[in-house]
Amino acid sequence: MKSIYLTFVAVFSCIAAFGQTITGTVSDTSGTPLPGVTIVVSGSNNGTTTDFDGKYSINASSGQVLRFSYLGMITKDVTVGSS
């Protein structure tokens, strides 16, 4: 039991030290949610897409750059912690 607890603490500490879960909603200029927007942490394999309501969740650390791209729209880079 003790080893399971220590493993859990070690894994949780790594997650807490290296990132946080960023959530949000992507919409166009008129406020319409955009499903299927690709969000990638620049320089990594970490990525996700928005759901039907334009909502997303991704793990990233403060200072990392999230790249939002959608067919027919201009790609936008946003630094975590800047807004």
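The text that follows walks through the structure, step by step, so that each part is easy to find. Remember, predicted model here, so these are calculated numbers, not experimental data. (Residues numbered from 1 in each chain as written. Predicted model: local features only at pLDDT ≥ 70, side-chain atom pairs only at ≥ 80, totals over all residues. Heavy atoms only, no water.)

## Some remarks on the overall build of the chain
- Scanning the chain from terminus to terminus reveals one helix and six strands.
- Its helices and strands taken in sequence order, the chain reads α-β-β-β-β-β-β from the N to the C terminus.
- Long-range pairs, those at least 24 residues apart, make up 41% of the contacts in the chain with a sequence separation of at least 6.
- For the chain, the exposed surface amounts to about 6000 Å²; the carbon and sulfur share of it is 60%. (Helix = DSSP H or I, 4+ residues; strand = E, 2+ residues; numbered from the N terminus. Contact = heavy atoms within 4.5 Å. Areas by Shrake-Rupley, 256 points an atom, 1.4 Å probe, with all protein chains shown as cover.)

## Re the packing of aromatic side chains
- Scanning the model with the defined rule gives one aromatic pair in all.
- Between Tyr-56 and Phe-68, the aromatic rings sit 5.6 Å apart at their centres with planes inclined by 80 degrees, giving edge-to-face as the arrangement. Of the two residues, Tyr-56 sits in strand 4 (residues 55–60) while Phe-68 sits in strand 5 (residues 65–69), which places them 12 residues apart along the sequence. (Phe/Tyr/Trp six-rings, centres within 6.5 Å; stacked < 30°, edge-to-face > 60°.)

## Regarding the pattern of salt bridges
- For the coordinates displayed, the defined rule picks out one salt bridge.
- Ionic pairing is found between Arg-67 and Asp-77, a salt bridge with its closest N-O pair at 2.7 Å. Taken as a pair, Arg-67 in strand 5 and Asp-77 in strand 6 (residues 76–79) lie far apart in primary sequence, 10 residues in all.
- Its relative accessible area of 39% is what places Asp-77 among the partly exposed residues. (Salt bridge = Lys/Arg side-chain N within 4 Å of Asp/Glu carboxyl O. Buried < 20%, exposed > 50% of the residue type's maximum accessible area, 1.4 Å probe, protein only.)

## A word on the nonpolar core
- Among the nonpolar cores identified, the biggest contains 13 residues, and Ile-22, Ile-39, Tyr-56, Ile-58, Leu-66 and Phe-68 are the most heavily contacted of them.
- Broken down by secondary-structure element, the contributors of at least two residues to this core are strand 2 (38–41), strand 4 and strand 5.
- The greatest single-element share of this core, amounting to three residues, is contributed by strand 4.
- The residues touching Leu-66, leaving out its near neighbours within four places in the chain, are Ile-22, Ile-39, Val-40, Val-41, Ile-58, Ala-60, Lys-76, Asp-77, Val-78 and Val-80. (Core = buried A, V, L, I, M, F, W, Y, C linked by side-chain atoms within 4.5 Å.)

## Quick word on the side chain of Thr-50
- By the secondary structure assignment, Thr-50 is in the loop between strand 3 (47–49) and strand 4.
- Of the polar contacts made by the side chain of Thr-50, one reaches the backbone nitrogen of Val-37; its length is 2.9 Å.
- Excluding anything up to four places from it in sequence, Thr-50 contacts Val-26, Leu-34, Pro-35, Gly-36, Val-37, Ile-39, Lys-55 and Tyr-56. (Polar contact = N/O pair within 3.5 Å; in protein donor to acceptor, adjacent residues only side chain to side chain.)

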